Amino acid sequence: MAAKEPSPIVKSYLILYNAAQVVGWCYMLYQLIAYYTIDKGTEKTLWDYLGFTVILFQNAALLEIVHAFTRIVPSNPVITTFQVLSRVMVVCGVVMATPTGKVSPGLPLAILAWSVTEIIRYAYYALNLIDAVPQLLIFLRYTTFIVLYPTGVTGELLCFFWAQSHVANTKQWSIEMPNTYNFTFSYLYFLWAVMLLYIPLFPQLYLHMFAQRKKILGSGSSSGATKQKHN
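Per chain, the residues get numbers from 1 upward, laid out in the order the sequence is written. Side-chain atom pairs in this predicted model are given and counted only at pLDDT of 80 or more, local residue features only at pLDDT of at least 70, and totals for whole chains, interfaces and linings cover all residues. Side-chain descriptors were evaluated using all non-hydrogen atoms of the structure, hydrogens and water having been removed beforehand.

**Remarks on the overall build of the protein**
Filter applied, for reference: Elements are defined by DSSP. Helices are runs of H or I of four residues or more, strands are runs of E of two residues or more, and each kind is numbered from the N terminus. As defined in this context, the radius of gyration uses C-alpha atoms, and a globule is described by 2.2 Å times the residue total to the power 0.38. With a 1.4 Å probe rolled over the protein chains alone, any residue whose accessible area is under 20% of its type maximum counts as buried; one over 50% counts as exposed, and the rest are partly exposed. Contacts were defined at the residue level, with two residues in contact if any of their heavy atoms lie within 4.5 Å. The protein chains shown are the only cover counted for residues, whose accessible areas, like all others here, come from Shrake-Rupley with a 1.4 Å probe. Two residue types count as positive, namely Lys and Arg, and two as negative, namely Asp and Glu; His and chain ends fall outside the count. The atoms used to mark charge sites are NZ of Lys, CZ of Arg, CG of Asp and CD of Glu.
Tallying secondary structure elements over the protein gives ten helices and zero strands in all. Starting at the N terminus and ending at the C terminus, the protein contains elements arranged as α-α-α-α-α-α-α-α-α-α. Here the C-alpha radius of gyration of the protein, 19 Å, is about what a compact globule of 231 residues would show, namely 17 Å. Each of the three principal axes of the protein carries a C-alpha extent, and together these read 60 × 50 × 35 Å. Sorting the 231 residues of the protein into buried and exposed places 45% on the buried side. Taking as baseline every contact in the protein between residues at least 6 positions apart, the subset at least 24 positions apart corresponds to 74%. Counting only carbon and sulfur atoms, one obtains 70% of the accessible surface of the protein, whose full area is about 12,200 Å². Charge separation in the protein, taken as the distance between the mean sites of 15 positive and 9 negative side-chain charges, equals 12 Å.

**Here we look at a nonpolar patch on the surface**
Here is the rule we go by: Residues form patches when they are more than 30% accessible in relative terms and have no salt bridge. Like charges link within 9 Å. Nonpolar side chains (Val, Leu, Ile, Met, Phe, Trp, Tyr) link within 5 Å. When a carboxyl oxygen of Asp or Glu is within 4 Å of a side-chain nitrogen of Lys or Arg, the pair counts as a salt bridge.
A surface patch of nonpolar side chains, amounting to about 370 Å² of accessible area, comprises V103, F161, W162 and W192. Residue position: W162 is located in helix α8 (residues 145-170). With a relative accessible area of 32%, W162 lands in the partly exposed category.

**Let's talk about the nonpolar core**
Inclusion rule: Among buried residues, those of type Ala, Val, Leu, Ile, Met, Phe, Trp, Tyr and Cys that are joined through side-chain atoms within 4.5 Å constitute a nonpolar core.
If you look at the biggest cluster of nonpolar residues, it comprises 55 residues, and the most contacted ones within it are V54, V94, I111 and F160. The element that contributes the greatest number of residues to this core is helix α9 (residues 187-217), accounting for eleven residues. The residues contacting I111, other than those within four sequence positions of it, are M28, L32, L46, L50 and V54.

**Section: the UniProt feature "transmembrane region" (unreviewed entry) in the protein**
For clarity, the threshold we go by: UniProt positions are given in the numbering used here, feature names are shortened, and annotations may be inferred rather than shown by experiment.
Per the UniProt record, the feature "transmembrane region" (unreviewed entry) sits at residues 12-34, 46-66, 78-97, 109-127, 139-163 and 183-207. Within residues 12-34, the helical portion is 100% and the strand portion 0%, while the C-alpha atoms at the span's ends are 33 Å from each other.

**Things to note about unusual backbone geometry**
Among all residues save glycine, negative phi is the norm, and among peptide bonds the norm is trans. Geometrically, the link from M177 to P178 is a cis peptide bond, its omega value of -5 degrees lying close to zero. Phi is positive for R71, which is not a glycine, with a value near 65 degrees. Along the chain, R71 falls in the loop between α3 (62-69) and α4 (77-95).

**Overview of the packing of aromatic side chains**
Heads up, the condition is: Whether two aromatic rings pair depends on their centres lying within 6.5 Å, for rings of Phe, Tyr and Trp, where Trp uses its six-membered ring; planes under 30 degrees apart make the pair stacked, over 60 edge-to-face, and the rest tilted. Placement of a charge over a ring requires the Lys NZ or Arg CZ to be within 6 Å of the ring centre, with the centre-to-atom vector within 35 degrees of the ring normal.
By the definition in use, this model includes 21 aromatic pairs. Seen in terms of ring centroids, F185 and Y187 are 6.4 Å apart; in terms of plane orientation they differ by 50 degrees. Their pairing is tilted. Classification of F185 as partly exposed rests on a relative accessible area of 28%. Between F202 and Y206 the ring centres are 5.1 Å apart and the planes differ by 20 degrees, which places this aromatic pair in the stacked class. Highlighted residues: F202 and Y206, both in helix α9, separated by four residues, approximately one helical turn. Cluster of aromatic residues (ring-pair linked, three or more members): Y13, Y17, Y122, Y124, Y125 and Y142. Across from the ring centre of Y122, 4.5 Å away, lies the NZ or CZ of R121, which sits over that ring.

Structure below.
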């Protein structure tokens, strides 16, 4: 079913939001490349080098949940919520929260996959709003995920794994008995629970994206894609 055309104000806001995200993720990709080339040998860790950019633009994606639930975009609210919160959890609950998460080998993998994916995705959304999506961008939007999605998930899980050693040793953000509220909470077990959720959820989301790819590219026409107004 075709999406309802947003009002001029909403449309302008969505164009600006998506354009800003394109700029932000392009800058993040530049930082990632520069860290290993131009500034190779710097004493800073990768997180020290580009952490602020990641925090700013990844957390800005929380607005997409609002967009989906308020129906100003046709994105599935449940899928959008999981996709956004899973990354926010990695950034805020894992990497920012632990020194071991910051030095995980999964961090550059995740940032590489995220940045390339988001540059393509937000550019697609912005251009889609003005009916100017080139065929190449449509192809990239529904093809690059085949490699980038598993790469990003691998990076995210490695960040979780590296973080859990610190949490286990320090009992960070955990509540032990006895206490006034007769309540216990283990942040370590919470991290493992989130990691285990990837097992059933990743295949479903991955197959959903393949279904979308078949829907958009299967006909060999870009008309279906350009009529979809996403965030």
